[in-house]
Amino acid sequence: LPQQIDVLIIGAGAAGLMCAAVAGQRGRSVLVLDHANKVGKKILMSGGGRCNFTNMYTSPENFYSENPHFCKSALARYTQWDFIALVEKHGIPYHEKTLGQLFCDNKSKDIVDLLLAECRAAKAQIRTRCSIESVQPQDTGYLVETSLGTVRCKSLVIATGGLSIPTMGATGFGYDVARQFGLRIVPTRAALVPFTQHKRQLQRQQDLPGSALPVTASCGEGSFHEQMLFTHRGLSGPAVLQVSSHWREGEAVSFDLAPDRDLAEWLAQQRTEKPDAHLHTVLCGLWSKKLVHHFLTDKGIESRPLKQFSSPELAEIGAKLQTWELVPAGTEGYRTAEVTLGGVDTDAISSRTMECKTHPGLYFIGEVLDVTGWLGGYNFQWAWSSAHAAGEVV
Ligand code: FAD
């Protein structure tokens, strides 16, 4: 390892590599250290192997933080369009999947290769399999002891991410460094994570794993109109992952199972058009056979030809079928969560530079900060934007 470097970045993930490239291209000497056996592991596994690297509609409203204004400056100065231009510069084919979410046509590795090419152009050095033993402030800069030797740096950038997926190398290292320097940590919890359900409920749903339907999932202030998926352990799919960021232990989540229509009105209309049709047949126009069977049995509704239901009966059935209230048993936790809510309190950090206000030369970027995006490419955009902000000044 070099003994002296301008910029030492801990964590060779999305934010760390981006920051290395930007700082190196400004002529700074840069070293990136990571304890994992390879760089960018989360990028590689992201987006089902195709990395949802940004979202065309990224705006500060797509992020959670105790200070919702904090992310604005960095997002405005390095936007989704800047990252898209970089992707295009590297000739990486991509497409919009849905809702502005941009994915690689081929593999997530294209994004890791992009970052490594930018780091090479910036002459940034990268070392993996390096554990960090201690961080000490010096008169100017920091001294970092590692398993590969001791390094002195003028700027120290913490880019070690959140707690999700420990098997991929996630640790609480960044929070420990923050605490060492007297910074507060906004309590963390797993987010963008599937719900687990109680055994009794799972037994009632035993035919459903694999079934999906569009819903509006709501909890607290969060409301998301996307797909929900039944699994062997509970519920998943984008609507569920999104709403999990609003959920707290013991709270109920409400699902509108037919978000595009008022079921009571729709059933009344169906009765006028097809009086002899059975309730379950008509509902198969909305949901799969399995789901219809489940919803009717679960709510104790008997299927008959529509003409045999009175108007109040149909209205009651419509209302019963429309919403499903559920108290999840829990979440799958950090084991499978895409992100960590909470993190280093942004009060102590400059929103322009990501520098710690009380410790010049110490920076926090990416997911380790108390800035968490929705599902859909926002978390990577935060990694790129915050990394760029720091990379321009370290
Ligand atoms: P990371 O990318 O997690 O990088 C942190 C780095 O620090 C890692 O390389 C790690 O090994 C290293 N590190 C940690 N602790 C130490 C230590 N003690 N010493 C040395 N090094 C350390 N977001 C999207 O926007 N789109 C997606 O499609 C998407 N898909 C995802 C899929 C999955 C399964 C997961 C888990 C997450 C996904 N995310 C997605 C979220 C996204 O991956 C993260 O928000 C993003 O990677 C955060 O970037 P980061 O650089 O802050 O942290």
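Residues numbered from 1 in each chain as written. Predicted model: local features only at pLDDT ≥ 70, side-chain atom pairs only at ≥ 80, totals over all residues. Heavy atoms only, no water.

## A short note on the site of the ligand
Phase 1 of the analysis: Ala15, Asp34, Thr171, Glu367 and Phe380 are the nearest of the 31 residues found near the ligand.
Phase 2 of the analysis: The contact in question runs from an oxygen atom of the ligand to an N or O atom on the side chain of Asp34, over 2.5 Å.
Phase 3 of the analysis: A distance of 2.7 Å is found between a nitrogen atom of the ligand and a side-chain nitrogen or oxygen belonging to Thr171.
Phase 4 of the analysis: In the complex, 93% of the free accessible area of the ligand, which totals 1000 Å², lies under the protein chains.
Phase 5 of the analysis: For the shell around the ligand, the secondary structure elements donating two or more residues are α1 (14-25), α2 (41-45) and α13 (378-391). (Near = heavy atom within 4 Å. Polar contact = N/O pair within 3.5 Å; in protein donor to acceptor, adjacent residues only side chain to side chain. Areas by Shrake-Rupley, 256 points an atom, 1.4 Å probe, with all protein chains shown as cover. Helix = DSSP H or I, 4+ residues; strand = E, 2+ residues; numbered from the N terminus.)

## Thoughts on the packing of aromatic side chains
Phase 1 of the analysis: Scanning all chains against the criterion turns up 14 aromatic pairs.
Phase 2 of the analysis: Where Phe83 meets Trp384, the ring centres are 4.2 Å apart and the plane angle is 5°; that geometry is what we call stacked. Placement of Phe83 in helix α4 (residues 80-89) and of Trp384 in helix α13 is noted, with a sequence separation of 301 residues between them. In terms of burial, Phe83 and Trp384 fall into one category: buried.
Phase 3 of the analysis: Note on Phe224 and Trp374: the rings are 5.2 Å apart at their centroids and 85° apart in plane angle, and the pair reads as edge-to-face. With Phe224 in strand β14 (residues 222-230) and Trp374 in the loop between β21 (372-373) and α13, this residue pair connects regions lying 150 residues apart in the sequence.
Phase 4 of the analysis: Looking at Phe224, the relative accessible area reads 5%, which means it is buried.
Phase 5 of the analysis: Its relative accessible area of 26% is what places Trp374 among the partly exposed residues.
Phase 6 of the analysis: Here a set of aromatic residues connected by ring pairs shows up, and it is made of Phe63, Phe70, Phe224, Trp374, Tyr378 and Trp382. (Phe/Tyr/Trp six-rings, centres within 6.5 Å; stacked < 30°, edge-to-face > 60°. Buried < 20%, exposed > 50% of the residue type's maximum accessible area, 1.4 Å probe, protein only.)

## What to know about the layout of surface pockets
Leftover empty space is mapped by rolling, across the atoms, a probe with the size of a water molecule.
Phase 1 of the analysis: The volume enclosed by the second largest pocket comes to roughly 430 Å³.
Phase 2 of the analysis: For the second largest pocket, the lining is made up of 19 residues, of which Tyr64, Arg189, Ser245, Arg248 and Leu341 are closest to its centre.
Phase 3 of the analysis: Within the residue set of the lining of the second largest pocket, elements represented by two or more residues are β4 (63-64), β11 (185-191) and β19 (339-344).
Phase 4 of the analysis: Looking at the lining of the second largest pocket element by element, the count peaks at four residues for β11.
Phase 5 of the analysis: Residue classes in the lining of the second largest pocket are distributed as seven nonpolar, six polar and six charged. (1 Å grid on protein atoms, 1.4 Å probe; cavity = no way out; pocket = protein on both sides within 12 Å on 5 of 7 lines; lining within 4 Å. Points joined across faces, edges and corners; volume = space filled by probe spheres on them. Nonpolar A, V, L, I, M, F, W, Y, C, P; charged D, E, K, R; others polar.)

## Some thoughts on the domain arrangement of the protein
Phase 1 of the analysis: Parsing the protein into structural domains produces domain 1 (4-189 + 340-391) and domain 2 (194-331).
Phase 2 of the analysis: Contacts between domain 1 and domain 2 engage six residues on the former and ten residues on the latter.
Phase 3 of the analysis: Buried surface at the junction of domain 1 and domain 2, summed over both partners, amounts to about 700 Å²; 52% is from carbon and sulfur atoms.
Phase 4 of the analysis: By the criterion of area lost to domain 2, the three top residues of domain 1 are Tyr64, Arg189 and Leu375, representing 70% of everything that side buries.
Phase 5 of the analysis: Taken together, the links from domain 1 to domain 2 amount to zero salt bridges.
Phase 6 of the analysis: The interface formed by domain 1 and domain 2 includes three residue pairs in polar contact (both at pLDDT 80 or more).
Phase 7 of the analysis: Counted by class, the side of domain 1 that touches domain 2 contains five nonpolar, no polar and one charged residues. (Domains from an automatic or database assignment. Contact = heavy atoms within 4.5 Å. Buried area = accessible area lost by both parts, 1.4 Å probe. Salt bridge = Lys/Arg side-chain N within 4 Å of Asp/Glu carboxyl O.)

## Overview of the nonpolar core
Phase 1 of the analysis: The biggest cluster of nonpolar side chains holds 81 residues, and the ones touching the most others in it are Ile111, Leu156, Val344, Met354, Phe364 and Trp382.
Phase 2 of the analysis: Each residue touching Ile111, except ones within four places of it in the same chain, is listed here: Ile43, Cys51, Phe53, Phe83, Val87, Ile92, Cys104 and Trp384.
Phase 3 of the analysis: Leu192, Ala239, Leu241 and Val339 belong to the second largest nonpolar core, which has 45 residues in total. (Core = buried A, V, L, I, M, F, W, Y, C linked by side-chain atoms within 4.5 Å.)

## A word on the environment of Ala74
Phase 1 of the analysis: Turning to its location among the elements, Ala74 is positioned in helix α3 (residues 72-77).
Phase 2 of the analysis: Classification of Ala74 by relative accessible area gives buried; the value is 1%.
Phase 3 of the analysis: Distance from Ala74 to Pro60, taken between C-alpha atoms, is 10.0 Å for residues 14 residues apart in sequence.

## Some points on the sheet that holds strand β17 (residues 323-326)
Phase 1 of the analysis: Read across the sheet, seven strands follow the order β17-β16-β13-β14-β15-β12-β18 without closing on themselves; strand pairing throughout is antiparallel. Either end of the sheet is taken by a strand with one partner, and the two such strands are β17 and β18 (330-331).
Phase 2 of the analysis: In the packing of helix α12 (residues 311-322) onto the sheet, contacts are made with β16 (253-256) and β17, and the angle to β17 comes to roughly 45°. (Pairing = 2+ DSSP bridges. Axes fitted to C-alpha atoms, helices over the stretch in contact; angles between N-to-C directions.)

## Here we look at the sheet that holds strand β6 (residues 101-104)
Phase 1 of the analysis: Strand order in the open sheet formed by three strands is β3-β6-β5, and the pairing between neighbours is antiparallel. At either end of the open sheet lies a strand with only one pairing partner, and these are β3 (52-55) and β5 (94-96). Within the sheet, the average angular offset between the axes of one strand and its neighbour, ignoring direction, is 25°.
Phase 2 of the analysis: When β3 meets β6, the two strands line up antiparallel, connected through three bridges. Of the residues in β6, the one forming a bridge with Asn55 is Gln101.

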